[in-house]
Amino acid sequence: MVKSRRDFIKISALSSAGLFVGNQVVKAAASAADSEKQNSDYKLPSDLKRTPTYCEVCFWKCAGWVHKDEDGQIKKITGNDLDPNSNGRFCPRGTGGVGMYYDEDRLKYPLIRTEERGKQTFRRASWDEAFQYIADKMAKIKEEHGPEATALFTHGSGGKYFTNLMKGFGSANVAAPSYAQCRGPREVAFIATYGQGINSPENTDIRDTRCMVLIGSHIGENMHNGHVQEMSDAIDKGATIITVDPRFSTAASKSKYWLPIKPATDIALLLAWIHVIINEDLYDKKYIEQYAYGFDQLKAHVQNMTPEWAYGITTIKPDVIRKTAREMAKAAPATIVHPGRHVTWYGDDTQRLRAVAILNALLGSWGRRGGFYMPDKKSVPHAKLPPFPKPEFTWRDAMDGKYQLADLALANGMCDATIPTSAMSRSIKGWIVNGTNLIETLPDRRKTLAAIQNLDLMVVVDTMPMEITGWADVVLPECTYLERYDSIRDSQHREPTIALRMPAAQPKYESRSAWWMAKNLSRYMGLEQYFPFDTIEEELDHELKQMGTSLAEMQQVGVKKWKRAYDDIYFKDGEAVEFFTNTGKIELYSTSLAEGGFDPMPTYTAHPEPPQGYYRLIYGRAPMHTFTRTANNPNLTDLMSENAVWVNPKVAGEWGLKNGQEVYLQNQDSVVSSFPVKVRVTERIRWDSVYIVHGFGHANKKLSRAFGRGASDAELITNVMVDPIMGGTGMRGNFVTFRFTKGEEA
Amino acid sequence: MRYAMAVDSKKCVGCSDCVVACQTENNVPIGYARDWVREINHGIYPELHTELRSERCNHCDNAPCVRSCPTGASHYAEGGIVKVAEEKCIGCSACIISCPYDARYIHPKGYVDKCTFCDHRVKDGEDPACVAVCPTKCLYFGDLDDPNSEMSTLLRVRKYKTLIPEAGTDPQLYILV
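Residues numbered from 1 in each chain as written. Chains lettered and ligands numbered in written order. Predicted model: local features only at pLDDT ≥ 70, side-chain atom pairs only at ≥ 80, totals over all residues. Heavy atoms only, no water.

**Some remarks on the overall build of chain B**
- Scanning chain B from terminus to terminus reveals six helices and ten strands.
- Taking 2.2 N^0.38 as the reference for a compact globule, 177 residues should give roughly 16 Å; the C-alpha atoms of chain B span a radius of gyration of 16 Å, in line with that estimate.
- Seen along its three principal axes, the alpha-carbon backbone of chain B occupies a region of about 50 × 40 × 35 Å.
- For chain B, the proportion of its 177 residues judged to be buried stands at 57%.
- Residue pairs at least 24 apart in sequence account for 55% of intrachain contacts in chain B once pairs closer than 6 positions are excluded.
- Distance between charge centroids for chain B: 2 Å, based on 20 positive and 24 negative side chains. (Helix = DSSP H or I, 4+ residues; strand = E, 2+ residues; numbered from the N terminus. Rg over C-alpha atoms; globule rule 2.2 N^0.38 Å. Buried < 20%, exposed > 50% of the residue type's maximum accessible area, 1.4 Å probe, protein only. Contact = heavy atoms within 4.5 Å. Lys, Arg positive; Asp, Glu negative; His and termini not counted. Charge placed at Lys NZ, Arg CZ, Asp CG, Glu CD.)

**A look at the packing of helix H6 (residues 159-169) of chain A against helix H19 (residues 514-524) of chain A**
All names here are of chain A.
- Contact geometry for H6 and H19: axes closest at 8 Å, N-to-C directions at 15°. Accordingly, the angle class assigned to the pair H6 and H19 is roughly parallel. Considering the relative orientation of H6 and H19, their crossing is left-handed. Contact residues: H6 offers Tyr-161, Phe-162 and Leu-165, while H19 offers Ala-514, Trp-515, Met-517, Ala-518, Leu-521 and Ser-522. (Axes fitted to C-alpha atoms, helices over the stretch in contact; angles between N-to-C directions. Parallel < 35°, antiparallel > 145°, perpendicular 65-115°, else oblique. Left-handed = near helix turned anticlockwise from the far one by under 90°.)

**A word on the confidence of the model for chain A**
- Looking at chain A as a whole, its pLDDT mean stands at 93, while 94% of the residues score no less than 70.
- Contacts from residues 13-47 of chain A, a stretch scored under 50 in pLDDT, to residues over four places away or in other chains number 54 contacts. (pLDDT = per-residue confidence, 0-100.)

**Things to note about the pairing of strand S3 (residues 74-79) of chain A**
Residues and elements named next belong to chain A.
- Across the six residues that make up S3, a large majority, five, are buried.
- Sheet analysis places strand S2 (residues 63-68) next to S3, joined by five bridges and oriented antiparallel. The residue bridging Val-66 from the neighbouring strand is Ile-77, located in S3.
- In this structure, the hairpin formed by S2 and S3 is closed by a connection of five residues, where Gly-72 is found at a positive phi of approximately 80°. (Pairing = 2+ DSSP bridges.)

**Considering the state of the cysteines**
All names here are of chain B.
- Scanning the model with the defined rule gives zero disulfides over all chains in all.
- Not engaged in a disulfide, the cysteine Cys-12 finds its nearest cysteine sulfur in Cys-138; these two sulfurs lie 4.3 Å apart.
- For Cys-22, which is in no disulfide, the shortest distance to another cysteine sulfur is to Cys-118 and amounts to 6.1 Å. (Disulfide = S-S within 2.5 Å.)

**With respect to the packing of aromatic side chains**
Residue and element names in this part refer to chain A.
- Following the criterion strictly, the structure yields 32 aromatic pairs over all chains and no others.
- Ring geometry for Phe-131 against Trp-516: centres 5.7 Å apart, planes inclined by 45°, an arrangement best described as tilted. On the criterion of sequence distance, the pair formed by Phe-131 in helix H5 (residues 127-145) and Trp-516 in helix H19 is long-range, its members being 385 residues apart. Take Phe-131 and Trp-516: they sit in the same class, and that class is buried.
- Taken together, the ring pairs connect Trp-127, Phe-131, Trp-516 and Tyr-524 into an aromatic cluster.
- Its end group placed over the ring of Trp-516, Arg-512 keeps NZ or CZ at 5.4 Å from the ring centre.
- Over the face of the ring belonging to Trp-687 we find Arg-686, whose NZ or CZ atom lies 4.6 Å from the ring centre. (Phe/Tyr/Trp six-rings, centres within 6.5 Å; stacked < 30°, edge-to-face > 60°. Lys NZ or Arg CZ within 6 Å of the ring centre and 35° of its normal.)

**Section: H19(A)**
Residues and elements named next belong to chain A.
- The element H19 is largely enclosed, with a buried count of nine among its eleven residues.
- Inspection of H19 places Ala-514, Trp-515, Trp-516, Met-517, Ala-518, Lys-519, Asn-520, Leu-521 and Ser-522 among the buried residues, and these make up the whole buried set.
- Just past H19, the residue Gly-526 takes up positive phi, approximately 70°.

**Side note on helix H15 (residues 349-362) of chain A**
Residues and elements named next belong to chain A.
- Between its first and last C-alpha atoms H15 spans 20 Å; for 14 residues at 1.5 Å apiece the expected length is 20 Å, and the two agree.
- For H15, the tally of buried residues reaches 14 of 14 residues, placing the bulk of the element in the interior.
- Looking one or two residues past H15, Gly-364 carries a phi angle of roughly 70°, positive in sign. (Expected span 1.5 Å × (residues − 1).)

**Considering the interface of chain B and chain A**
- Taken residue by residue, the interface counts 39 residues in chain B and 38 residues in chain A.
- Carbon and sulfur atoms make up 54% of the area that chain B and chain A hide from each other, which totals about 3,000 Å².
- Summed over the shared surface of chain B and chain A, the number is five salt bridges.
- Where B:Glu39 meets A:Arg680, a salt bridge forms, and the shortest distance between an N and an O atom there is 2.5 Å.
- Here chain B and chain A share 19 residue pairs in polar contact (both at pLDDT 80 or more) between them.
- Where the side of chain B that touches chain A is concerned, the elements lending two or more residues are helix H1 (17-26), strand S2 (36-44), strand S3 (47-55) and helix H5 (129-133) of chain B.
- Counting residues per element, the side of chain B that touches chain A draws most heavily on H1(B), which supplies seven residues. (Buried area = accessible area lost by both parts, 1.4 Å probe. Salt bridge = Lys/Arg side-chain N within 4 Å of Asp/Glu carboxyl O. Polar contact = N/O pair within 3.5 Å; in protein donor to acceptor, adjacent residues only side chain to side chain.)

**Examining the nonpolar core**
- Among the nonpolar cores identified, the biggest contains 71 residues, and A:Trp273, A:Ile274, A:Leu362 and A:Trp366 are the most heavily contacted of them.
- Element by element, the count of residues in this core is highest for helix H10 (residues 266-279) of chain A, at ten residues.
- Once residues lying within four places of it in the same chain are set aside, the contact partners of A:Trp273 are A:Val213, A:Ile215, A:Ile242, A:Val244, A:Leu259, A:Ile321, A:Thr324, A:Ala325, A:Met328 and A:Leu359.
- Ranked by size, the runner-up nonpolar core spans 48 residues in total, among them B:Val7, B:Cys65, B:Cys89 and B:Leu173. (Core = buried A, V, L, I, M, F, W, Y, C linked by side-chain atoms within 4.5 Å.)

**Here we look at unusual backbone geometry**
All names here are of chain A.
- Residue Ser-200 is joined to Pro-201 through a cis peptide bond whose omega torsion reads -10°.
- Structurally, the position occupied by Pro-201 is in the loop between helix H7 (177-194) and strand S8 (211-215).
- Cis geometry is adopted by the peptide bond preceding Pro-333, which originates at Ala-332 and carries an omega value of 5°.
- Mapping Pro-333 onto the fold places it in the loop between helix H14 (318-331) and strand S12 (335-337).

**A word on the pattern of salt bridges**
Residue and element names in this part refer to chain A.
- Within the structure shown, the criterion is met by 63 salt bridges over all chains.
- When the shortest N-O distance is used, the salt bridge between Glu-148 and Arg-426 registers 3.1 Å. Taken together, the positions of Glu-148 in the loop between H5 and strand S6 (150-154) and Arg-426 in the loop between helix H16 (411-416) and strand S13 (430-434) put the pair 278 residues apart, joining distant regions of the chain.
- By relative accessible area, which is 24% here, Arg-426 ends up partly exposed.
- Residues Glu-230 and Arg-494 are paired through a salt bridge, measuring 2.8 Å at the closest nitrogen-oxygen approach. On the criterion of sequence distance, the pair formed by Glu-230 in helix H8 (residues 225-236) and Arg-494 in the loop between strand S15 (474-477) and strand S16 (497-499) is long-range, its members being 264 residues apart. Residues Glu-230 and Arg-494 agree in their burial class; the two are buried.
- Because the salt bridges share partners, they merge into one network encompassing Glu-56, Glu-478, Arg-484, Asp-486 and Arg-501.

**Describing the packing of H10(A) against helix H13 (residues 307-314) of chain A**
Residues and elements named next belong to chain A.
- At a closest axis distance of 9 Å, the pairing of H10 and H13 adopts a crossing angle of 165°. One way to sum up the angle between H10 and H13 is to call them roughly antiparallel. Once H10 is placed against H13, the crossing between them reads as left-handed. Judged by residue contacts, Ala-268, Leu-269, Leu-271, Ala-272, His-275 and Val-276 of H10 engage Pro-307, Trp-309, Ala-310, Ile-313 and Thr-314 from H13.
- When the residues that make up the contact of H10 with H13 are grouped by side-chain class, the tally is nine nonpolar, two polar and no charged. (Nonpolar A, V, L, I, M, F, W, Y, C, P; charged D, E, K, R; others polar.)

**A closer look at the side chain of A:Thr463**
Residue and element names in this part refer to chain A.
- One can find Thr-463 in the loop between strand S14 (457-462) and S15.
- On the basis of relative accessible area, Thr-463 is assigned to the buried category, the value being 10%.
- Non-local contacts of Thr-463, meaning those with residues more than four positions away in its chain, are made with Met-100, Arg-106, Leu-107, Glu-478, Cys-479 and Thr-480.

What follows is the structure, encoded as structure tokens:
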């Protein structure tokens, strides 16, 4: 066996490392003081009792206020009333965001991998040393493999600055796992249908809807703040909610109809609904005639896809399929068939989301009140940078011409492009990983680890010691969002808004912001020209002045709202609308998919089912946690400290499982969970599936509250069903069984 | 003045935002809580019913905790809010044992602590922290002596229940069903 180039290092090894690098500590401290003089990105205006921020605990980016107590300590965070994402109300994670700042397990100092007495460990380094190390390694990669052989994985607000650094260096390999591991298929499907993606926050007009259909989307457990609020408003106003889920989710418990579907059969249900809406003449004829392309082909396509046909596949009774289709049509166009967010399930996800898009078109809900509004956004004018070098190679070259319809980079594609194959002349040799725990984020961990072993350099930028941190060559401690400025939030909504994040406190320990790191790295890498501002305050003020405001004003208000440029939030009756598709119409029949050699209209394909004694592994969210990043947050672990595996009482009876009993999960590829997980016996889950909340089962001991708590779904996702259209990684084709001990089968 | 709270179980998603907002507002130490969320399930798949609701002190009109307190620390404050005078509390736990709702705990500093309806906010015209933060707006707070308050209106137009009414405590936390 070849000795791996890189062993997993528990950051706890550091406590001893600190002992034998005595003078290093002094040097690091001195250097940090120098840096403070040069960079004032955490200078605080002292006269503010509350400071504006936008939340970084999830991607919803709610704007709010950080309040301090009499001693000047961060006390609580509340919402900003002007903010349409939060309407002045933060979710539990945003309210508990204070825990990110106070978490004593945070990354504190830059670290560099070293070998001591034959054992790999981290040593504490100064920032200057860490930057020099990275710059040297990057230069070597550039010399040996070209600048294109580097990649940035990023999730979160600091990504913009590392992106500029990467592009300036000469690499276009920049990806967020939020695309191919999450919402990518949805974007591709809606672009194929309407010439426009959904983006974030989703343009679903839930506030005014009269009927909302949720397919596997569990609003209320996924705490997409504005949507949770609007669903509640819709419930108040008597809207009909239809939930399709093998699990009796919180949303299902609020629904008029719950369709406990057999997992992996959603496309059959969607096609049957389309069949009913067309054959019972329930579709919006005027809308379809004026805006849609390919209705006749669609009608012919679904003729055999009757509710009776779908019953045999989905286990949903034909009369329920008909009744729910009629409910949707009755409320149309104020009906939303919600596109969901995490949609990478079975590898035919783009086609499933196409069916969702088509159904919405038949109901005439796109561009209509209570359906989908047309979002507006005010883009922040960034300073013009010198042109980036043109890369000769990107991750796409490793894809063999596949996934051309992916409109953003694939994180898994970049991972693949890091593993050399005989077909590829070049592979990626350097990664910067910012704010994403790739070990838990990318499916098929063996592949991720194989890619990591092929790297000459891996830099991890994070606030917490995550699993990915243990594989890094250099660890850079990022300060939390409560201790830094960041790029202006300019997300879409009914009206355009921007929001400011500014520091409420000095960065703890030696942690620093992404802006500061990228700026300083640029000096070591000779890329200063891409960072024209001396401080982030200057950069933000420059951008804000061009928008007619200023940093000083934003520090007082936090959120600024503009009126829409045009009165075009909904289509007016009979208004001519041009869609950005090949035909200029809403494509029920997709010409772009046909050109790419894919089915122009969605079809149902059967997916593998769990073998005897195995159950489909379904995962989802709890309202008090985000991904793996909150699992150690003291405030949020207080609300939920571990996940449990939901097991139907029939299954529990067969296995003799009791509530609260600990079991290990083993998947179809014989991968056993690293830690046991408690059983929750509940009627709320189908007998052919089990359910766990994502983000638990942490293996890094330095996470004192999260280590070994519960099971990691990511670890058990070794079967990946790749979407042939855009490369998304379908993760719901994994089956697990129970083991009473780690060593032997139950 | 008769303060009361209502929880709309049709809207509550059990997110526990009320819990963490209370903790940060009132400096409730981590590991303790003045409010909490309950999930009650009935039925057999697929005929199921789940009720989620945020709970806290019921600020009873006939509060066993006030009756059982030997020092007078537990008392009725303005608007019927049941409070603990920390300086009078000896931490004997009589109130904790007498409370049918398990709404009290002993603070690490030695006194009994519980929900105050955030009276420090209410006196400034603000809602309690849990009500102000709730993303589903399922929590309501107001004055039942004012027939025109939202609280009074809600109890006129909506079906509701109270918790453990058989205990005879006359609780002032109403669960809208």
